[in-house]
Amino acid sequence: MTHSLKKVFLVAFILSIGALFLWTSSTRPSILVIHAYSAKTPWVKNINKGLRKVFKERTFYHRYYHYMNIKEYPDTAYTEEASKKTMEVINALNPDYIILVDDITQKIIGKKYINHPDIQVIYCGIKQDPKDYGYEDAKNITGIDVSLPLHILDDLLVFNIDEGNFDHQIYLTPISDSTITSQEDNVAIKKYNKWTKVKLRPSLQVKTFDDWKKAILKVRGRQEVILISNHHGLIRSQANPRYVPAKEVTQWTVENAKVPLVGLYGPFVRNGGHLAIAPSALEQGERAAKIVENLIENDIYIHELKPEHSNHFLVYLRKIPGHKPYKFKIPAVYEAFARAMHHYYD
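It should be emphasised that the depicted structure is a prediction, and the values quoted were computed from it without experimental measurement.

What counts, and where the lines are drawn
Residues numbered from 1 in each chain as written. Predicted model: local features only at pLDDT ≥ 70, side-chain atom pairs only at ≥ 80, totals over all residues. Heavy atoms only, no water. Phe/Tyr/Trp six-rings, centres within 6.5 Å; stacked < 30°, edge-to-face > 60°. Lys NZ or Arg CZ within 6 Å of the ring centre and 35° of its normal. Helix = DSSP H or I, 4+ residues; strand = E, 2+ residues; numbered from the N terminus. Expected span 1.5 Å × (residues − 1). Buried < 20%, exposed > 50% of the residue type's maximum accessible area, 1.4 Å probe, protein only. Arc of directions from axis to C-beta. Contact = heavy atoms within 4.5 Å. Polar contact = N/O pair within 3.5 Å; in protein donor to acceptor, adjacent residues only side chain to side chain. Pairing = 2+ DSSP bridges. Axes fitted to C-alpha atoms, helices over the stretch in contact; angles between N-to-C directions. Parallel < 35°, antiparallel > 145°, perpendicular 65-115°, else oblique. Left-handed = near helix turned anticlockwise from the far one by under 90°. Nonpolar A, V, L, I, M, F, W, Y, C, P; charged D, E, K, R; others polar. Core = buried A, V, L, I, M, F, W, Y, C linked by side-chain atoms within 4.5 Å.

Q: What's the story with the packing of aromatic side chains in this structure? I'm lost.
A: Centre-to-centre distance and the angle between the planes together describe a pair of aromatic rings. Overall, the coordinates contain 9 aromatic pairs when judged by the stated rule. Ring centres of Y133 and Y135 lie 5.8 Å apart, and the angle between their planes is 50 degrees; this geometry places the pair in the tilted category. Among the aromatic side chains, those forming a connected cluster through ring pairs are F55, F60 and Y61. The cationic tip of R52 hangs over the ring face of Y65; the distance from NZ or CZ to the ring centre is 4.7 Å. A cation over a ring is seen here: K213 above F209, with NZ or CZ 4.5 Å from the ring centre.

In structure tokens:
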């Protein structure tokens, strides 16, 4: 074989390998995960942890992550700009699958892809009914919702009534900031109608730390409990619109509240609170990833997959000091669960 002929074969071989690589790359499924909030948010971190737990063995998937950061900049103008940039990302990547996390992404992104011929949408982390976004008749959308573990909270409150810490009935007041996440939580809390010995009071949503203090101090009495939702979006005052660190809010609340406090999310305890019963972000990410995996690996049509509902919850605990002006008991199984999950703080 002549030297020139060897060169021809070598070039042909390299070109064929390159063509094979390009073909393989172009046929690999692409997945775009869109978060409403930043990558630093604990909720987002744990959803991503669940996604990666499933996807880590699937090295042939193209995976991309996009963060809209709406929680950090909650004004309407920013949301509109973030939505525009997200659409540009989608158009540039042209993914096969979009995983949309949280309710706000369904409102501003998901609705635009109902019955899209080329993109399949998987939602997770939503508290509202998928019908609220027009998904009930969509042929290209399915996912998993997140249920606030209010039934577990109800069990805990009834347990304390049975233990003699309350008489007959508990009055529960949800208090939160006025962010989008809190609004979504309060809608879900209001819709819940399976309380047994609990009477739900109207939610208190505030914008400033001063108003937060007034709301916390307003709730007093032996039959009262406060349910703490999000409080990262409080500003110092109307004159000083800087955000107050969540840890400062939590510590002031724990030191000054006259009634038991229960958080809806883990950061409440990590920042100094004593108890939180929270939905599992890890479950949301893991099950959303498994839906995508099922669609890719098993040649299943998305309209064949029914929407899923969350089952898991997490308990976060910190020992309640004995000098508090109220009694509140935690079942031993809750403490064991929190310790097993490394969510018990001394």
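Next comes the rest of the description.
Q: Before we go on, may I ask you to explain helix α2 (residues 42–55) in this structure?
A: Since the α-helix turns once every 3.6 residues, residues separated by three or four places project in the same direction. Taking 1.5 Å as the rise per residue, α2 with 14 residues should run 20 Å; its terminal C-alpha atoms sit 20 Å apart, in good agreement. Inspection of α2 places W43, V44, I47, N48, G50, L51, V54 and F55 among the buried residues, and these make up the whole buried set. Axial view of α2: buried residues confined to an arc of 155 degrees, hence all on one face. Contacts from the buried residues of α2 go to β1 (30–35), β2 (62–67), β3 (97–101), β4 (120–126), β11 (275–279) and α10 (281–297).

Q: Before we go on, may I ask you to explain the side chain of T142 in this structure?
A: Examined against the element boundaries, T142 turns out to sit in strand β5 (residues 141–145). Within the structure, the side chain of T142 is placed 3.1 Å from the backbone oxygen of L305, a separation counted as a polar contact. Ignoring anything within four residues of it in the chain, the contact list for T142 reads V121, I122, Y123, I291, I302, L305, K306 and P307.

Q: Looking at this structure, I do not really get the sheet that holds β4. What am I missing?
A: Strand pairing in a sheet relies on backbone hydrogen bonds. The paired strands run either parallel or antiparallel. In spatial order, the strands read β2-β1-β3-β4-β5-β12; together these 6 strands make up an open sheet with parallel pairing. The open sheet has two edge strands with one neighbour each: β2 and β12 (308–309). Pairing between β3 and β4: 5 bridges, direction parallel. Bridge pairing links I98 to V121 in β4. On the sheet, α2 packs against β1, β2, β3 and β4 and is oriented at approximately 175 degrees with respect to β2. In the packing of α10 onto the sheet, the strands contacted are β1, β3, β4, β5 and β12, and the crossing angle to β4 comes to about 165 degrees.

Q: Looking at this model, I keep getting lost on the pairing of β11. Mind explaining?
A: A regular strand carries its side chains on alternate faces of the sheet. Where burial is concerned, most of β11 is hidden: 5 out of the 5 residues are buried. Two strands pair when backbone bridges link them, and β11 and strand β13 (residues 313–318) are joined in this way by 5 bridges, in the antiparallel orientation. Across the sheet, the residue bridging to L275 is L317, located in β13.

Q: Quick question: what am I supposed to make of unusual backbone geometry here?
A: Comment: phi is negative for the bulk of residues other than glycine, and the bulk of peptide bonds are trans. Backbone geometry at N94 places phi at a positive 50 degrees, although glycine is not the residue there. Structurally, N94 is set in the loop between α3 (76–93) and β3. The phi torsion at D102 lies on the positive side, around 80 degrees, for a residue other than glycine. Relative to the assigned elements, D102 resides in the loop between β3 and α4 (103–108). Accessibility expressed as a relative area gives 2% for D102, which makes it buried.

Q: Would you take a moment to explain the packing of helix α7 (residues 209–218) against helix α8 (residues 246–256) for this structure?
A: Following both chains from N to C, one finds α7 and α8 inclined at 25 degrees, their axes separated by 10 Å at the closest point. In terms of their interaxial angle, α7 and α8 are classed as roughly parallel. The two elements α7 and α8 meet at a crossing, and its hand is right-handed. Of the residues in α8, those touching α7 at F209, W212, K213, I216 and L217 are E248, V249, W252, T253 and N256. Grouping the amino acids of the contact of α7 with α8 by side-chain chemistry returns 6 nonpolar, 2 polar and 2 charged.

Q: Which parts of the structure should I look at to understand the nonpolar core?
A: What tends to happen in soluble globular proteins is that the nonpolar side chains get buried as a cluster. Formed by 29 residues in total, the largest nonpolar core has its most connected members in L150, L153, L157, L172, L227, L275 and F328. No other element matches helix α5 (residues 150–162), which puts 6 residues into this core. L153 has contacts with L172, W195, L227, V262 and I277, leaving out every residue within four places of it along the chain.

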